[in-house]
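Given next are the chains, with one letter for each unit.
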Amino acid sequence: MSLRIVVCVKYVPDAAGERRFAGDGTVDREGVDGLLSELDEYAVEQALRIAEGSDGEVDVTVLTVGPEDAREAVSKGLRMGADRGVHVEDGGVHGSDVMGTSLVLAAAVEKAGFDLVLCGMASTDGAMGVLPAVLAERLGVPQVTLLSEVSAGGGAVSGRRDGDRASERVEAPLPAVVSVTDQSGEARYPSFKGIMAAKKKPVVEWDLDDLGLDADGVGLAGAFTEVVEAVERPARTKGEIVTDEGDGGLKVAAFLAGRKFI
Ligand SMILES: Cc1cc2nc3c(=O)[nH]c(=O)nc-3n(C[C@H](O)[C@H](O)[C@H](O)COP(=O)(O)OP(=O)(O)OC[C@H]3O[C@@H](n4cnc5c(N)ncnc54)[C@H](O)[C@@H]3O)c2cc1C
């Protein structure tokens, strides 16, 4: 039996580069170096492992919602081994909050066709970690979040969720939405064969019209939350250097006491 997996991958500003806000309080994504959110690589990896371990036909689609550059997130998923890509790009998506983003993703997942949706545990920029749950609610399917181990087959998805004091074994019938943690298994590097093969893989581009969505329901217009102000953290100042002349301990204690730490 065939299994259609859609992996949601997000294109995020590179944490190693310069990141900034635009004047309207939104994240400035223009001209900023970006990449596939590292935590989403684990979701791609799990999809590929399910495909490799299956006797049946498994189709892996990587899906992103984001501006033009976000296509790189799809390309990376294809280089890793996914079969096809979907890139939803529309100016109206700018400034979407989790409700808007999930609305667009749900429409795209439905249009692509799915049995299983895989997500990362959180994006490395927004880091809310709630999108998979909202997406499942919109799709009307079970959600199994934060799995450290995943398997799918026989019309169900199952796995292990590790907590601080206990590990749970959980299972849900398909179709379902699953998010995986960074403990689920090291993500592979694209091989030379994978890089060459990715060039020929199909990537469809959809906008809000293609998904039958109204621009009023997404973007800044449809956002439930608004960033009222975004202020950069002040640059770190040089710390106070305590020179030890036999009385270093006393000086450190006086410094801490002065700030009411002790
Ligand atoms: C075009 C665009 C413009 C945006 N503009 C703003 C803005 O101006 N200000 C602001 O604060 N936020 C903005 N966002 C971010 C958006 O509000 C959040 O990213 C979104 O609500 C999801 O929350 P999160 O990133 O914390 O995801 P989480 O809930 O932490 O993500 C969990 C998982 O959901 C999946 N996922 C999340 N987002 C996407 C996506 N876009 N495509 C595919 N998979 C995804 C990934 O698998 C991810 O690992 C924008 C997003 C997009 C796509």
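Here's a quick rundown of the structure. (Residues numbered from 1 in each chain as written. Predicted model: local features only at pLDDT ≥ 70, side-chain atom pairs only at ≥ 80, totals over all residues. Heavy atoms only, no water.)

1. Comments concerning the overall build of the protein
Link 1 in the chain: When helices and strands are counted, the protein shows seven helices and 12 strands.
Link 2 in the chain: The principal-axis extent of the C-alpha atoms belonging to the protein is close to 75 × 45 × 40 Å.
Link 3 in the chain: In the protein, buried positions account for 40% of the 262 residues.
Link 4 in the chain: Long-range contacts, defined here as pairs at least 24 residues apart, represent 69% of the contacts in the protein between residues at least 6 apart.
Link 5 in the chain: Within the structure as shown, the protein displays about 15,000 Å² of accessible surface, and the carbon and sulfur contribution to it stands at 50%. (Helix = DSSP H or I, 4+ residues; strand = E, 2+ residues; numbered from the N terminus. Buried < 20%, exposed > 50% of the residue type's maximum accessible area, 1.4 Å probe, protein only. Contact = heavy atoms within 4.5 Å. Areas by Shrake-Rupley, 256 points an atom, 1.4 Å probe, with all protein chains shown as cover.)

2. Quick word on the site of the ligand
Link 1 in the chain: Close to the ligand lie 31 residues; K10, T26, D40, V98 and G129 are nearest.
Link 2 in the chain: Between K10 and the ligand, the recorded distance is 2.2 Å, taken from a side-chain N or O atom to an oxygen atom.
Link 3 in the chain: G95 has a polar backbone atom sitting 3.3 Å from a nitrogen atom of the ligand.
Link 4 in the chain: Protein coverage of the free-state accessible area of the ligand, which is 880 Å², stands at 93%.
Link 5 in the chain: Among the secondary structure elements, those contributing two or more residues to the shell around the ligand are β4 (58-65), α3 (98-112), β6 (116-120) and α4 (131-139).
Link 6 in the chain: Split by residue class, the shell around the ligand holds 16 nonpolar, 10 polar and five charged. (Near = heavy atom within 4 Å. Polar contact = N/O pair within 3.5 Å; in protein donor to acceptor, adjacent residues only side chain to side chain. Nonpolar A, V, L, I, M, F, W, Y, C, P; charged D, E, K, R; others polar.)

3. Observations regarding the nonpolar core
Link 1 in the chain: Core analysis: the largest hydrophobic core is formed by 36 residues, its most contacted members being I5, V7, V62, L118, V157 and V178.
Link 2 in the chain: Broken down by secondary-structure element, the contributors of at least two residues to this core are β1 (3-8), α1 (38-52), β4, α2 (71-80), β6, β7 (143-147), β10 (167-173) and β11 (176-180).
Link 3 in the chain: In terms of residues, this core owes the most to one element, α1, which gives seven residues.
Link 4 in the chain: Grouped together as the second largest cluster of nonpolar side chains are 28 residues, V86, V88, V104 and C119 included. (Core = buried A, V, L, I, M, F, W, Y, C linked by side-chain atoms within 4.5 Å.)

4. Things to note about unusual backbone geometry
Link 1 in the chain: Omega for the bond connecting L174 with P175 falls within 30 degrees of zero, at 5°, which places this linkage in the cis form.
Link 2 in the chain: You can see P175 is positioned in the loop between β10 and β11.
Link 3 in the chain: If you check the backbone angles, A127 has positive phi at about 55° while not being a glycine.
Link 4 in the chain: Locating A127 in the fold gives a position in the loop between β6 and α4.
Link 5 in the chain: Positive phi, close to 60°, is recorded for K260, a residue that is not glycine.
Link 6 in the chain: Positionally, K260 belongs in the segment after α7 (248-258).

5. Describing the sheet that holds β6
Link 1 in the chain: Strand order across the open sheet formed by seven strands is β7-β11-β6-β1-β4-β5-β12, with parallel pairing between neighbours. Each edge of the open sheet carries a strand with a single partner, namely β7 and β12 (203-206). Sheet twist, expressed as the mean angle between neighbouring strand axes with direction ignored, is 20°.
Link 2 in the chain: Taken strand by strand, α1 contacts β1, β4, β6 and β11, and its axis lies near 145° from that of β6. (Pairing = 2+ DSSP bridges. Axes fitted to C-alpha atoms, helices over the stretch in contact; angles between N-to-C directions.)

6. Considerations on the side chain of E45
Link 1 in the chain: Its place among the elements puts E45 in helix α1.
Link 2 in the chain: Note on E45: relative accessible area 3%, which makes it buried.

7. Structural notes on the sheet that holds strand β8 (residues 149-153)
Link 1 in the chain: Spatially, the three strands line up as an open sheet ordered β8-β9-β10, and their pairing is antiparallel. If you trace the sheet from one side to the other, it starts and ends with β8 and β10, each paired once. Pairwise comparison of adjacent strand axes, ignoring direction, gives a mean angle of 15° for this sheet.
Link 2 in the chain: Sheet topology places strand β9 (residues 156-162) next to β10; seven bridges connect them, and they run antiparallel. The partner of G159 across the bridge, within β10, is V170.

8. Some remarks on a negative patch on the surface
Link 1 in the chain: A surface patch of negative charge is lined by E30, E68, D69 and E89.
Link 2 in the chain: Mapped onto the elements of the fold, E30 is located in the loop between β2 (11-13) and β3 (34-36).
Link 3 in the chain: The exposure class of E30 is exposed, given its relative accessible area of 58%. (Patch = residues over 30% accessible without salt bridge, like charges linked within 9 Å, V, L, I, M, F, W, Y side chains within 5 Å. Salt bridge = Lys/Arg side-chain N within 4 Å of Asp/Glu carboxyl O. Lys, Arg positive; Asp, Glu negative; His and termini not counted. Charge placed at Lys NZ, Arg CZ, Asp CG, Glu CD.)

9. Here's the deal with the environment of G25
Link 1 in the chain: Among the secondary structure elements, G25 is positioned in the loop between β2 and β3.
Link 2 in the chain: Overall, the relative accessible area of 11% leaves G25 in the buried class.

10. Topic: a nonpolar patch on the surface
Link 1 in the chain: There is a patch of nonpolar side chains on the surface, built from F192, I195 and M196 and spanning about 300 Å² of accessible area.
Link 2 in the chain: One can find F192 in helix α5 (residues 192-198).

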